[in-house]
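Given next are the chains, with one letter for each unit.
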Amino acid sequence: MENIEDILHELRGSYSTSFYSIYLNGTYNSDLSRMTLKDQGTLLHEYIHFLQNISTPWGIRLSSYIYSCMSETLCKLKEQDEVTIPVKIQGDRTISLQIKFALGTSKLTTSHASIDWNKGIGLFIKEIKIEGKKYEIPVFKVTLNTGGTEDLEIGGLVVMETMSSLYQSLIHPNAPHPDVPYNLIAKFCQQYYPALAADTRKLICLCYVSLFSSFPGTKLIDLIKCHGNDGLDGYQVFQEFVQNTPEIVGAVDSLIERFKKLLKGMLHSNLDYLAAVFEPVKLSSKWVPVITALYDKEPFDLGHFQTMISQIGMPYLHTSCGQYSFPNGIGKDEASLDLIELIGLQTVYRYFRTSKNCECELSYMCRGEKRYDETRCKETSWSREVECPFSVAASWFGLDKKVVKRENS
């Protein structure tokens with residue numbers, strides 16, 4: 001079975017699922033108006049992924065799955081005297097299968113092909129079984145420019161990228177994206193629900209509501225069928241969802257509290273930023289930033305985005321220009337230690353779970369300094385011969401004192 005961890009890592013775009021980390025291929029300025037249009041749009045796209053991650057059951061479920069994989073990996077690093085890369089873990093097969101099918105298709109499997117949008121999109125429902133339980137997955141059948149066809153399963157990846165790219169279009173309308181997974185839903189709606197396709201705000205809201213389901217792709221198609229031609233706007237659809245599911249507010253709040261306990265049990269640092277960041281996005285706060293910002297009396301613009309950041313905060317951010325910064329602790333002037341520790345653990349976890357001989361993911365912090373060495377950063381990042389972010393994190397597991405080798409080496 002394909003490694004779900006790798007799918008989430010490779011397809012995260014510039015937002016690191018579960019680790020509250022945005023990478024911007026450009027330049028960041030706290031005054032958003034001083035950024036280029038492209039950088040503004042990209043940052044908004046990734047910020048919406050951040051909000052999906054911390055405010056929806058689907059986002060928190062992905063985080064919980066990743067953390068379970070990470071905990072098992074780090075326990076092995078701590079317990080074993082000899083470590084082989086990649087570290088093999090068992091994981092929970094049932095949960096892994098559920099997430100695999102709920103994620104859906106991420107890209108075309110036919111190399112160098114594209115979708116011929118002059119041909120119609122077919123929709124059928126695929127039934128799967130996981131441990132004897134049946135699930136329904138919507139599938140788009142598309143025609144390629146090669147003349148062949150492909151079946152594309154519509155899941156959480158398509159939903160998240162559709163929502164983020166639509167939000168991005170509000171300030172950067174012509175930002176280019178590959179058709180899979182970004183444009184599938186919009187193209188489907190253009191064919192069957194043209195009024196909805198023309199209503200970007202409403203389609204964003206439908207995507208967001210679907211992320212409160214364990215199978216977002218299935219939920220989104222149901223919502224499109226239900227609301228594609230009705231007279232409700234997106235805000236009304238969201239309110240109707242909350243009113244018709246009165247237990248959802250308490251359920252999401254409880255889910256967030258359980259998740260914070262999971263974080264607390266995994267980290268040595270006291271929760272600080274990672275405790276506070278969830279509060280303004282809880283349904284019980286009655287703000288729901290991704291919805292209310294869309295239906296303000298003024299059309300969504302940079303000012304609304306700036307308000308989101310000021311009230312929720314910015315996660316860890318690093319850029320291709322060498323900028324990087326951690327959010328401060330709550331009421332403090334220094335970086336929040338809990339997120340620093342989490343990023344360090346993520347880096348060690350990813351390095352020891354990846355079969356490719358890749359450079360340490362924090363090496364950008366060291367480039368331009370004497371401690372940077374490409375060979376070391378790829379092959380012996382854990383060595384304490386050089387003090388760097390990775391070697392410090394690796395020392396928590398005594399890796400500098402263990403035998404570390406690569407599989408088949």
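Look above for the structure.
Residues numbered from 1 in each chain as written. Predicted model: local features only at pLDDT ≥ 70, side-chain atom pairs only at ≥ 80, totals over all residues. Heavy atoms only, no water.

A. Structural detail: the overall build of the chain. Tallying secondary structure elements over the chain gives 18 helices and nine strands in all. In terms of overall dimensions, the chain is globule-like: its C-alpha atoms have a radius of gyration of 22 Å, near the 22 Å expected for 409 residues. Each of the three principal axes of the chain carries a C-alpha extent, and together these read 65 × 50 × 40 Å. Split into buried and exposed, the 409 residues of the chain put 54% on the buried side. Restricting to contacts in the chain with at least 6 residues of sequence separation, those with at least 24 account for 69%. Placing the 42 positive and 48 negative side-chain charges of the chain at their respective mean positions leaves the two points 3 Å apart. (Helix = DSSP H or I, 4+ residues; strand = E, 2+ residues; numbered from the N terminus. Rg over C-alpha atoms; globule rule 2.2 N^0.38 Å. Buried < 20%, exposed > 50% of the residue type's maximum accessible area, 1.4 Å probe, protein only. Contact = heavy atoms within 4.5 Å. Lys, Arg positive; Asp, Glu negative; His and termini not counted. Charge placed at Lys NZ, Arg CZ, Asp CG, Glu CD.)

B. Region of interest: the packing of aromatic side chains. Tallying each qualifying case throughout the model produces 23 aromatic pairs. With a centroid separation of 5.6 Å and 15° between ring planes, the pair formed by Y67 and F259 is classed as stacked. With Y67 in helix α3 (residues 57-79) and F259 in helix α12 (residues 248-266), the pair connects residues that are 192 residues apart, well separated along the chain. Of the residues examined, Y67 reaches a relative accessible area of 1% and is grouped as buried. An angle of 50° between the planes, with centres 6.2 Å apart, marks the rings of F188 and Y193 as tilted. Taking the relative accessible area as the measure of exposure, F188 reaches 4% and is therefore buried. Given the relative accessible area of 13%, Y193 is considered buried. A connected cluster of aromatic rings, assembled from ring pairs, spans F19, Y20, Y67, F259 and F278. Positioned over the ring face of F101 is K100, at 4.8 Å from the centre of the ring. (Phe/Tyr/Trp six-rings, centres within 6.5 Å; stacked < 30°, edge-to-face > 60°. Lys NZ or Arg CZ within 6 Å of the ring centre and 35° of its normal.)

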